[in-house]
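Examining the three-dimensional arrangement
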Amino acid sequence: MTSSFKSIMVAGGAGFIGSNFVHYLREAHPATRVLVVDKLTYAGNMDSLKQSLGDEAVEFVEGDIADRELMETLTTRCDAVVNFAAESHNDRALLDPGPFVETNVRGAGVLAYAAAAHGVERYVHVSTDEVYGQIADGSFKEGDELRPRSTYPATKASGEMMILAAVESFGLQAAITRGVNNIGPYQHPEKALPLFVSNAIDDKPLPVYGDGMQVRDRMHVRDHCTAIDLVLREGETGESYNVGAGNECTNLYMIEKILERLGKPASLMTHIEDRTGHDFRYSVDASHLRALGWEPAFDLDAALLDTIDWYRDNEWWWRGMRSQDFEAYYEELYGDRLRQAGPG
Ligand SMILES: NC(=O)c1ccc[n+]([C@@H]2O[C@H](COP(=O)([O-])OP(=O)(O)OC[C@H]3O[C@@H](n4cnc5c(N)ncnc54)[C@H](O)[C@@H]3O)[C@@H](O)[C@H]2O)c1
């Protein structure tokens, strides 16, 4: 990798992928300062940053990417920006789309426009494979039409348009990544894998949407971090890069691995009514990124086992996140469905 940066802003750095990226940067580029900016919504967690925050090269600012004045100030202090900040949970988007539009579209635009105004040298906007919509066979390429089928990916697709507008109108040196489903340390327990592991540890039912045959490419978050870093340094301005590890599996496969690893019975698996607009399969062709020299380090089982073991060994991290608020949300989303399904 060629470019070296003095200071990188990591927006959304107290979330799952952002915090992993902060730790990755400290190891891979120790001479670079890291400015973490995060609004600390329910999804942000300072505990996820513990291992890097003591480091004098890492600074944390609590703030909103939709706050124009703050973004105007902070972008003067960085030569690169990676934006992870987003409302990221599909199920919550169905309950209330407002925050998704506010952060994923307006916030994405405010931060990008501020970065362009202050001559930030490189910018990566972290998007998702979900912007393409579902696909029965084959894999999406970057030039394919974006056909998001629900609220979260619709706002992510709109956010991408704000970035392309900043590239065209203001010369922002930005590239976009479209990553597949990530697994790894520090993911909020509302998300599938940590939810299933933490429920299984507590001998609670695992709510499985529909038949559980939905297919996702499950990439280890560490591989996503190396891909984003490569795109930051070597990606072309105005280009999008699919980030996929080729680790496709069904939800049922993942759940069986979890139960087997934790020594828990299959009877914990409870099929519940599916959510609306639940995409059946996502798949991307990552050859554009691989042409830059990227290779994932984790195959499917290595990614799954590393992640399951991390949640098994780090209850201190996720127990606090399964707070009263979380339990209220869990009841709203799964309560009736689990009662209708009856015992597993
Ligand atoms: N998790 C995945 O599997 C996956 C896959 C591909 C792409 N992505 C994308 O990667 C990014 C990070 O995803 P994640 O899973 O780490 O999400 P996350 O929900 O764990 O973290 C999001 C972080 O953004 C912060 N945030 C939210 N709104 C903000 C705002 N207005 N200003 C500043 N900070 C704000 C939150 O406090 C949180 O720390 C998102 O853009 C998401 O769309 C995620």
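Attention here is on the structure that accompanies the text. (Residues numbered from 1 in each chain as written. Predicted model: local features only at pLDDT ≥ 70, side-chain atom pairs only at ≥ 80, totals over all residues. Heavy atoms only, no water.)

Counting residues in hydrophobic clusters, the biggest one holds 40 residues, and the most contacted among them are Ile8, Val10, Phe21, Val82, Phe84 and Leu289. Elements that contribute at least two residues to this core include exactly β1 (7-11), α1 (16-28), β2 (33-38), β4 (80-83), β5 (122-128), α8 (221-234) and β11 (240-243). Not counting residues within four places of it along the chain, the set of residues in contact with Val10 comprises Gly18, Phe21, Val22, Leu25, Val34, Leu35, Val36, Val37, Val82 and Phe84. In this structure, Val197, Ala200, Ala303 and Phe326 belong to the second largest nonpolar core, which totals 37 residues. (Core = buried A, V, L, I, M, F, W, Y, C linked by side-chain atoms within 4.5 Å. Buried < 20%, exposed > 50% of the residue type's maximum accessible area, 1.4 Å probe, protein only. Helix = DSSP H or I, 4+ residues; strand = E, 2+ residues; numbered from the N terminus. Contact = heavy atoms within 4.5 Å.)

Moving on, we come to the packing of aromatic side chains. Under the counting rule described, the total for this entry stands at 13 aromatic pairs. Seen from their ring centres, Tyr113 and Phe170 are 5.0 Å apart, and the 65° between their planes marks the pair as edge-to-face. Taken as a pair, Tyr113 in helix α5 (residues 98-117) and Phe170 in helix α6 (residues 151-170) lie far apart in primary sequence, 57 residues in all. Among the residues examined, Tyr113 registers a relative accessible area of 30% and is labelled partly exposed. Note on Phe170: relative accessible area 47%, which makes it partly exposed. Here a set of aromatic residues connected by ring pairs shows up, and it is made of Tyr209, Phe326, Tyr329, Tyr330 and Tyr334. Cation over ring: Arg92 sits above Tyr42, and NZ or CZ is 3.8 Å from the ring centre. (Phe/Tyr/Trp six-rings, centres within 6.5 Å; stacked < 30°, edge-to-face > 60°. Lys NZ or Arg CZ within 6 Å of the ring centre and 35° of its normal.)

A word on the site of the ligand. Inspection of the region around the ligand gives 28 residues, with Ile17, Asp38, Ser88, Tyr152 and Lys156 positioned closest. Contacts to the ligand include Ile65, whose backbone N or O atom sits 3.0 Å from a nitrogen atom. At 2.6 Å from an oxygen atom of the ligand is found a side-chain nitrogen or oxygen belonging to Tyr152. Against a free-state accessible area of 840 Å², the protein chains account for coverage of 97% of the ligand. Of the residues that constitute the shell around the ligand, the class distribution is 12 nonpolar, 12 polar and four charged. (Near = heavy atom within 4 Å. Polar contact = N/O pair within 3.5 Å; in protein donor to acceptor, adjacent residues only side chain to side chain. Areas by Shrake-Rupley, 256 points an atom, 1.4 Å probe, with all protein chains shown as cover. Nonpolar A, V, L, I, M, F, W, Y, C, P; charged D, E, K, R; others polar.)

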